[in-house]
Amino acid sequence: MVMANPERAAALGARLLARAERDRDRPGASTSLRILGLAARELQEPALAATRLRRSIAVAREHPQLAAESRMSLALVLNDLGRPRAALREIDQALLVLEGLPLARARMQHGILLRRLGRDTEALEAYGAALAAFRRHDDRLWQARALTNRGVLQAYRGMLAQARVDLERAEDLYRGLSLTAAVAQVQHNLGFVAAQGGDIVTALTWYDRADEQFRRSGRRPAEALIDRTELLLAARLLPEAHQAARDAVELAGSTRLGSLLPQARLLLAQAALAAGDTAEARRSARLARRAFERQQRERWAVHARYLESVATARQSPRRLRTLAAALDAAGWPEQALDARLRAAATGDAGALAELAAVDVGRGTVRLRIRAWHARALHRLHRGDRAGARRALLAGLRLLDQYRAALGATELRVLSSAEGGELAGLGVRLALLERSGRQVLGWAERWRAATLRLPAGRGDDDPVLARELAELRRVSAELAGYSSDAIRRARPLQRQRVLEDSIRRRTWRTATPDGVVETPGSVDEIVARLGARALVELVEQDGRLLAVVAVDGRIRLQPLVSATVVAAELAALRFAMRRLVLRYGSPASLAAAEAAARHGVRQLDEWLLGGPLSRLVGDRDLVVVPTGALQALPWSALPSCRGRSLAVAPSATAWARGAAGGGAPDGRTVLVAAARPEHALGEVRALAALAPAARVLAGPDATVRATLAAIDGASLVHLAAHGEFRADNPLFSHIDLADGPLTVHDLTGLHRAPDLVVLSACDTGLSAVHPGDELMGLTAALLGAGTRTLVASIGPVDDGATRALMLQLHDRLRHGAEPAAALAAAQVAAPAEHWATAHSFSCFGAGAA
């Protein structure tokens, strides 16, 4: 009953204790106190559990068998409290007294303590011997417990197949005993096995399934939070990992789980270090180390010392190599490799030589990716550049496989950071050889790689569909309370809950079927350019570099500091925003216009001026930006005035779009929301130019109707309010009649429209992650197969937008390609519309 319903067990134990004390029944009192102690442990009150179990032992002093059974339970509680040596003393006393089935139970719990102290081989032997006894006695409950504990230990040791067998058998046994809470714990442990193997999607699925039961019971074990934190770190979901680590520290601390608190603090140190907060990382690692040392858990203490060392100051290569050896001996291979790579980064010959022993064939995928980086560094140290390049390519191919196994766009995007060091070293090798062709090849090998994968689909998940529909309803409710903070509070909270649930659900998206495209070869990209010029920007060691492809030749052009460009771009975007929103006095607006004009001239000189300008000439231009330059209004630069200009996430993505896909169905779809006010008039005017177009306007422009209409269309125009969510880019959206059409909704398209025009604010903005991986409406549509997208990278004026859109569509109607049509419409825009006109860019292929 303690496992099935600890509250009920505690209530019954209290009644039994009162009866035993009334009857002066010492054995009954001892047993009742043990029930109360075990119930308190299950309810995460270990200090209370220890008090009750000590009373149970004292009461049973004339009954050694009962006292020994209570000592066995007390040992577990002392272990929870972080006192493993005291726990061993209690279990050793119990082992001297117990016999038969109780002895087997004590031996199993002895195994738990041995595992906590790092004596894994002895723990496995204890589990095996106890399990044999439980089978002889047909004790199914304790069989399940032993299998669970052995399964977890085998997962820690990398014996994943054996771990799954044990845990699946334990799950069956618990189900037969109707112990739903224990089933949930086993399911969580199956997630832990998947996480140990690097299978993030399966691990998340198991963890979420177990969490549903934990929430129903109101008891979420601290171990569950710790394991989830570790998985979130592996998935590079860093803000979520940081919060989960904080929650785990708070839970373990408040419940006085001394054995788990330092593990939670260790993960908090890792999360803080990943976020760049060395002070918090150092503090948490120090507290964890001290606790592990007090508990004589040397294996964990080694890990904590390493994190404390990394967070404290720059370490000497010799110190890092010493730590790496200690980490290896303690069974922390990822951390050991990290220490060796840090030492090698200093150029230390001894550290570089040690990389020869790194095994590229063992461990999780993430570990093997880093191992290939280590091998490349070692080969480069020996002067073997060709071998180094082969190792880098092998690591990036492994990353491609890992990324493809993740169905969720967000997880794919974040996983690309695993290849940063590989691609960076590849570019550095190409620069040593002054080869523009190789620099382009290495840049494309890593850049925007998620767009090469078949898009994951969410339309077959009914729960996801319901939550998206409810999110639209809540968002519409919030819009109605725009000026009422009190009435907004409740739906705002519901919106946050729904968005969190939708995100977590999409993380479990199954890997979609489809061909995984390899990056386009440099020859294919160059051939596709024809008479166009390609300018691909690369950041290396804080400076920008342009790779320019013109007339079949590829050249390198050094540019300026990325920091200087980012500062100028931020000032330009601020000035353009003020001009569009007409914020300030006439004098301040005049100053903003002067600042904007100066900004575009300066950025033009830095990015496209000088020798680069002579190389490009007056050709049509394909630009592949990097970092913050994804949000540059490129058409506003003087060199780009009137020029057909396509802004692409990668040259590979541009070439794929330029080559075209299946034939579109020829339909034109025009969609206008009721707001902003110009939207209906804009779409009516466009409908007059295209009488055969399908029009959805006002209340007819619902999310469901819009998705059905645009699926497979040739040309789609949406006029509505748009919002880029910097806090959560996959909830960036277009506001329609019944609420937001989000990035998540777009994953349900069977075939993306060929050309999309988003007549709305901020719809071309994207969150930029390592590898120039993008998240937002632009990336969602291009990833789904849209060839060309016209969208804004800032706020836009309604009237100016309507005029620009009419000019754009008039030129499209007369056969102009989208990039050329937009450039001509921008040139034709009156001077007072300059900021709005150049807030729009043509993304993707620039063709239709």
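Keep in mind that this is a model prediction, so the values were computed, not measured.

The rules we used
Residues numbered from 1 in each chain as written. Predicted model: local features only at pLDDT ≥ 70, side-chain atom pairs only at ≥ 80, totals over all residues. Heavy atoms only, no water. Core = buried A, V, L, I, M, F, W, Y, C linked by side-chain atoms within 4.5 Å. Buried < 20%, exposed > 50% of the residue type's maximum accessible area, 1.4 Å probe, protein only. Contact = heavy atoms within 4.5 Å. Pairing = 2+ DSSP bridges. Helix = DSSP H or I, 4+ residues; strand = E, 2+ residues; numbered from the N terminus. Axes fitted to C-alpha atoms, helices over the stretch in contact; angles between N-to-C directions. Polar contact = N/O pair within 3.5 Å; in protein donor to acceptor, adjacent residues only side chain to side chain. Expected span 1.5 Å × (residues − 1). Parallel < 35°, antiparallel > 145°, perpendicular 65-115°, else oblique. Left-handed = near helix turned anticlockwise from the far one by under 90°.

(A) Main features of the nonpolar core. Counting residues in hydrophobic clusters, the biggest one holds 165 residues, and the most contacted among them are Met 108, Phe 134, Tyr 174, Ile 200, Leu 355, Leu 411 and Leu 534. When sequence neighbours within four positions are dropped, the list of residues in contact with Met 108 reads Tyr 127, Ala 130, Phe 134, Trp 142, Arg 145, Ala 146 and Asn 149. Judged by nonpolar contacts, the second largest core, of 75 residues, contains Val 413, Leu 579, Ala 631 and Leu 707.

(B) Region of the structure containing the sheet that holds strand β9 (residues 722-723). Spatially, 3 strands are ordered β9-β10-β11 in an open sheet, and the strand pairing comes out antiparallel. Pairing within the sheet leaves two strands with one partner each, and these edge strands are β9 and β11 (739-742). Across 4 bridges, the pairing between strand β10 (residues 733-736) and β11 is antiparallel. Note that in β11 the partner of Asp 735 across the bridge is Pro 740. Running at roughly 35° to β11, helix α33 (residues 703-710) makes contact with β10 and β11 of the sheet.

(C) Region of the structure containing the side chain of Arg 366. Residue placement: Arg 366 occurs in helix α20 (residues 365-381). Within the local environment of Arg 366, its side chain forms a polar contact with the side chain of Glu 418, the two groups lying 3.1 Å apart. Sequence-distant contacts of Arg 366, that is, excluding residues within four places in its chain, are made with Ala 234, Glu 334, Tyr 402 and Glu 418.

(D) Up close: the side chain of Thr 801. Mapped onto the elements of the fold, Thr 801 is located in helix α36 (residues 798-813). You can call Thr 801 buried: its relative accessible area is 1%. Residues in contact with Thr 801, not counting those within four places in the same chain, are His 678, Glu 682, Ser 759, Val 796, Thr 836 and Phe 840.

(E) Focus on helix α3 (residues 46-59). The end-to-end C-alpha distance of α3 is 20 Å, a good match for the 20 Å that 14 residues give at a rise of 1.5 Å each. Of the residues making up α3, those classed as buried are Pro 46, Ala 49, Ala 50, Leu 53, Ser 56, Ile 57 and Val 59. Buried residues along α3 sit in contact with α2 (26-42), α4 (64-80) and α5 (84-97).

(F) Spotlight on the packing of helix α21 (residues 385-404) against helix α24 (residues 436-446). Remark: α21 packs on α24, axes separated minimally by 10 Å, with the N-to-C direction vectors making an angle of 25°. If you check the angle between α21 and α24, you find them roughly parallel. Judged by the sense of rotation from one axis to the other, the crossing of α21 with α24 is left-handed. Across the interface between the two elements, Arg 389, Leu 392, Leu 393, Leu 396, Arg 397, Leu 399 and Asp 400 from α21 touch Gln 438, Trp 442, Arg 445 and Trp 446 from α24.

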